[in-house]
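A look at the structure
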Amino acid sequence: MISFERVTKRYPDGTVAVSSLSLEAPDGAITVLVGPSGCGKTTSLRMVNRLIEPTEGRILVNGVDARQQPAAELRRGIGYVIQQAGLFPHRTIVDNIATVPRLLGQSRSSARNRAFELMELVGLDKSLAKRYPHQLSGGQQQRVGVARALAADPPVLLMDEPFSAVDPIVRKGLQEEFLRIQAAVAKTILFVTHDIDEAVKLGDKIAVLRQGGILAQFDTPDRLLAEPADEFVEQFLGTDRGIKRLTFYTADGLNLLGGPVVAADTGTAAAREAAAAGDFPWLLVVDERRRPLGWTNPETLSGSQPVGKTRLVSYGHAFRADTDSLRAALDSAVLSPTGWAVGVDAEGAVVGVASQETIADAIRTAHATRAHPDVTPGRASGDAAGDDTADDDTAADDTPAEPAEDAGPEDRPLEQAR
Amino acid sequence: MSVFDLPSYVQNDYLGLMTQQIEVSLGACAAGLGISLPIGQACARWRQAYPPVLVFVTVIYSIPSIALFVFLVAYTHLTETTVFIPLVIYSLAILVPGVVDGIRAVPPEVRIAADAMGFGPARRYLQVELPIATPTIMAAVRVAAVSSISLMSVGGVLGNLGGFGNLFTQGLRHFEIRLVWLGLFSLLALALVVDLALRALQRLLTPWSARRSVRA
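What tends to happen in soluble globular proteins is that the nonpolar side chains get buried as a cluster. Counting residues in each nonpolar core, the largest one holds 124 residues, and the members touching the most others are A:Val48, A:Ile97, A:Ala147 and B:Val141. In terms of residue count, the dominant contributor to this core is helix H4 (residues 80–104) of chain B (13 residues). If we ignore the near neighbours within four places in the chain, the residues touching A:Ala147 are A:Ile97, A:Leu118, A:Met119, A:Leu121, A:Val122 and A:Leu124. A:Tyr249, A:Leu254, A:Leu330 and A:Val353 belong to the second largest nonpolar core, which has 40 residues in total.

All names here are of chain A. In spatial order, the strands read E11-E12-E13; together these three strands make up an open sheet with mixed pairing. In this open sheet, the two strands that pair with only one neighbour each are strand E11 (261–263) and strand E13 (292–296). Sheet twist, expressed as the average angle between the axes of neighbouring strands with direction ignored, equals 35 degrees. In terms of strand pairing, strand E12 (residues 283–286) meets E13 through four bridges, oriented antiparallel.

Glancing now at the interface of chain A and chain B. Of the residues lining the interface, 19 residues belong to chain A; the matching set on chain B comes to 16 residues. For the side of chain A that touches chain B, the secondary structure elements donating two or more residues are helix H2 (71–76) and helix H4 (99–103) of chain A. For the side of chain A that touches chain B, the element with the most residues is H2(A), which contributes four residues. For the side of chain A that touches chain B, a count of residues per class yields nine nonpolar, seven polar and three charged.

On to unusual backbone geometry. Phi at A:Ala85 is positive, roughly 75 degrees, even though this residue is not glycine. One can find A:Ala85 in the loop between strand E6 (78–81) and helix H3 (93–97). Accessibility expressed as a C-beta count within 10 Å gives 25 for A:Ala85, which makes it buried. Phi at B:Phe175 takes a positive value of approximately 50 degrees, unusual for a residue other than glycine. Relative to the helices and strands, B:Phe175 is located in the loop between helix H7 (165–173) and helix H8 (177–205).

What follows deals with the confidence of the model for chain A. Confidence in the prediction for chain A averages 83 pLDDT; 88% of positions are at 70 or higher. Under a pLDDT of 50 for its full length, residues 372–418 of chain A has, in the predicted model, 62 contacts with residues more than four places off or in other chains.

It is worth spelling out the pairing of E6(A) at this point. All names here are of chain A. Side chains Ile78 and Tyr80 of E6 all project onto a buried face; the interleaved residues Gly79 and Val81 project onto the opposite face, where all are buried too. Two strands pair when backbone bridges link them, and E6 and strand E7 (residues 156–160) are joined in this way by four bridges, in the parallel orientation. Counted as the bridge partner of Ile78 is Val156 from E7.

Conventions adopted
Residues numbered from 1 in each chain as written. Chains lettered and ligands numbered in written order. Predicted model: local features only at pLDDT ≥ 70, side-chain atom pairs only at ≥ 80, totals over all residues. Core = buried A, V, L, I, M, F, W, Y, C linked by C-beta atoms within 7 Å. Buried ≥ 20, exposed ≤ 12 C-beta atoms within 10 Å, placed from the backbone. Helix = DSSP H or I, 4+ residues; strand = E, 2+ residues; numbered from the N terminus. Contact = placed C-beta atoms within 7 Å. Pairing = 2+ DSSP bridges. Axes fitted to C-alpha atoms, helices over the stretch in contact; angles between N-to-C directions. Nonpolar A, V, L, I, M, F, W, Y, C, P; charged D, E, K, R; others polar. pLDDT = per-residue confidence, 0-100.

In C-alpha cells:
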C-alpha cells in the first residue's frame, strides 16, 4: 500500500505543485493519478521514490516512511516506468532489464536469466535480447521499460505516462497487455496519465487532481463517471461520461435474438416467414459458418433467388457477445444503418442481434440494478442462457439445413464466460 | 642509404623521433582528457560554471606556444615536460567542450530512469553517463590527438624536443630539404594512423552506436 499523508510540495519560488494530498493506493491494484498538465501528478509520483522530496507530510510505502532508508536503496525496491522508456542506449535489451537485479548484487547470469523470464512475460521475442534499444520500435521499447521495472520483483510499481508516446493502436495493445500482466503479478501500482480514457480503462481507483495538486475526487472509475464530485471533475470527464460508463457493463446479459438471422441460401418465402414470425423489420444474412454478411429488408425481397444473392446493407461492425461491454454493443447498433447490433462469438460467428431499444433497456436495467459494478462477472448468464435457448430454437427453424451449426456457436460464448 | 637514415646532426634515429613524438603528443592528449573529465562533469552539473571555464580554456589556447615554452624553460628546463605542458593546456580547449557536450547529450529521461533504478551518483556517472557520452568525447579526443601531434613540431625550436618536428628545424638549418619532406610525411602518416586507431577504439567502446552517425 502507498499512503500519502497530507503531502505538500512547495518550490523555493513559492509555486505549490502538490497541496496537502492524502490518498491510499490499495495493495495489488492500479491507482491512477489523472489530471490536466500542471496538476502535480508526476510530482506526486516522484515523491514516492524520492526523485522529488516532499516539503510537508509523509509518504508510507507498505507502512514504512519513504525517508527512513537511503534513497538509492528505496528506489531499488520500487519499479519505475517512464514516458520515453528511458532505456540505457548503451546496453542490450537483456542487460537493460537486468539492471536492478545487478544493482542488488545478483550475478550476471542469474540476472540475465531473470531478464529472459521477463521478456517472455511482457511478450518480447528472445531474439531481441542482444539488440540495442534504438533497434526496437517504440512499443517494444515500452515493453522493455515495463520488464526492467519488474525485474527485481518489487511490490510497488510507479508508472509515469508509460503509454502516451506511442501511436493509438500500439497503445491499446500495450494497455491490454499491461492488464494481462497485472492480473498475473498483482503489483501495487501508481499510474500517472493525462488521458481520462486510459484512466478509466486501467484504473481500479482513480484520483483526479486539479491545478496546484489538489485532489478533486478519489473513487472507482464507475462511481467517478456516475457521480463526479464537482464541475471540474465533470468537465474533465468529458461530455460522453455516460457512454464511457457503459464500459463497465458487460454485454453478456443482453437479450440477443436469433430469429432475424438467416442463412445465405434461404429463399424469399422462407425469409419472409422468418421476418413475419417475429415482426422483424430486417434480417441478418450469414454465411455457412454463420459469419455476418449484411442486412436485408424482407419487404423488398422478390423473385426466387436466395437472400445471399440480393443486395445487402452493411452491418457496420459486430461486438463480442461474451466479452465486450454494453458500450461496444451500443456502438455497433448506432453504427449500423438498420439500428441493430450484431453480436458474435470468438470465431466471428453470429450469436444473435439486438435493436437499439433492446440495448437501451439493458442499459436502464444495468443502471437500476447495479450498485457494485466490478464484483459479479457473468452474473447475467442464467437469464441469458434461457433466452438464448429460446432464440436458438427459432434460428434452427429458420435454417433447417444447418441446425448443428446454429446450435454450436450460440452455446460457445456461454461456456467461455464461465 | 634508406630514406629513414638520418644525418648525425639530428642526434636521434627515426625510431627515436617517432617514440618521442608519440609519447609526448599522445601522452599530453591523455593527460588533457584526465583533466577534462572532472572539469567537464562539474560544468555539466553546475551550468553557470561552464561559460567562464569555456572562456578560460579558449583564451589560453590563444597563447603562442613559443611564449609558453620560454616561460616554462625557467622551471622545467630543456626537457620533454616543457613541450608536454603546453600540449596538455591546448588540448583542454577541445576536450572540455567535448566532455560537457557528451554529458549533456545524455537524454534526461535516461538520467531520471537511472536515478529511479537506484544508481548512486558515482555509479550513474561511470555506468550510464560516461558510456553514453563516449561517442562525443571520442570525437573530441580524435581532434585533440591529431592537433597535439601537429602542434608538438614547434618543440623542435627548443632543440630536439619536437619529435618529427626536429626534422623541420634541422633540415632548415642544414638546407636539407629531404629531412623536411620526411618530417612532413611522417607527421601526416602518424596523424592518419592515430585517427584510424582511435576510430577503431571508439567502435570497440561503443558497439551500440556503431550503425548510427557519430557526431563529429
